[in-house]
Amino acid sequence: MDTKYEGIPEGGSRIVYVRPVKVADLPAEVQAHAGGLQTIYALHDAAGGDRLALVRDRALAFALARQNDMAPVNVH
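Each chain carries its own residue numbering, running from 1 in the written order of its sequence. Two thresholds apply to this predicted model, a pLDDT of at least 70 for residue-level local features and 80 or more for giving and counting side-chain atom pairs, whereas whole-chain, interface and lining totals are computed over all residues. The basis for every side-chain value is the complete set of non-hydrogen atoms in the structure, without hydrogens or water.

Draft legend 1. Layout of the overall build of the protein chain. Each helix is a run of DSSP H or I of at least 4 residues and each strand a run of E of at least 2, with the numbering of both proceeding from the N terminus. Along the backbone of the protein chain there are two helices and four strands. For the protein chain, the α and β elements follow one another from N to C terminus as β-α-β-β-α-β. Here the protein chain holds 76 residues, and the buried ones make up 25% of them. In what follows, a contact means two residues having at least one pair of non-hydrogen atoms within 4.5 Å. At a minimum sequence separation of 6, the contacts of the protein chain that also span at least 24 residues come to 41%. The buried label applies to any residue whose accessible area, calculated with a 1.4 Å probe on protein chains only, is under 20% of its type's maximum; exposed applies above 50%, and partly exposed to all values in between.

Draft legend 2. Inspection of the packing of aromatic side chains at higher detail. The aromatic pairing rule takes the rings of Phe, Tyr and Trp, using the six-membered ring of Trp, and pairs them if the centres are within 6.5 Å, calling planes under 30 degrees apart stacked, those over 60 edge-to-face and the rest tilted. On inspection of all chains with the given rule, the structure shows zero aromatic pairs. Charges are assigned to positions over rings by a cutoff of 6 Å between ring centre and Lys NZ or Arg CZ, combined with an angular limit of 35 degrees from the ring normal. The lysine or arginine in question, Arg58, covers the ring of Phe62, its NZ or CZ lying 4.3 Å from the ring centre.

Draft legend 3. Representation of the nonpolar core. Buried residues of nine kinds, namely Ala, Val, Leu, Ile, Met, Phe, Trp, Tyr and Cys, make up a nonpolar core once their side-chain atoms join them within 4.5 Å. Val16, Val18, Tyr41, Leu43, Val55, Ala61, Phe62, Ala65 and Met70 form the largest nonpolar core, which has nine residues in total. At the level of secondary structure, the elements contributing two or more residues to this core comprise β1 (14-22), β2 (39-45) and α2 (58-67). Discounting residues that sit within four places of it in the chain, Val55 has contacts with Ile40, Tyr41, Leu43, Leu60, Ala61 and Leu64. Membership of the second largest hydrophobic core comes to six residues, among which are Val23, Leu26, Ala34 and Ile40.

Draft legend 4. Examining the pairing of β2 more closely. The buried fraction of β2 is high, at six of seven residues. At least two DSSP bridges between two strands are needed for those strands to be called paired. By the bridge criterion, seven bridges tie β1 to β2 in an arrangement that is antiparallel. Bridge assignment links Val16 to a residue of β2, and that residue is Asp45. Pairing analysis gives four bridges linking β2 to strand β3 (residues 51-55), with the strands arranged antiparallel.

Draft legend 5. Geometry of the sheet that holds β1. Overall, mixed pairing links the four strands, which are arranged β3-β2-β1-β4 in an open sheet. The open sheet has two edge strands, β3 and β4 (70-74), and neither has a second partner. Taken pair by pair, the neighbouring strands of this sheet meet at an average axis angle of 30°, ignoring direction. Bridge count between β1 and β4: five bridges; the pairing is parallel. Structural elements are reduced to axes, namely lines fitted to C-alpha atoms, with helices fitted over the stretch in contact, and the angle between N-to-C directions of any two is expressed from 0 to 180 degrees.

See below:
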């Protein structure tokens, strides 16, 4: 099957998971940088689950992933 579908990553793309994180669940030193936000978003590597980044909102998480040639996937 050689059909390409819009929105599905090509084989060379690395998938990352984007999930919301409650700021209250993070270490105090990270909470101090949250700027009063209640929820931030984490990007996780699909292969090992390692946290790659924390950002202020979902749109920024998706933009960051795409700028780094990654395919973001929402996780609830």
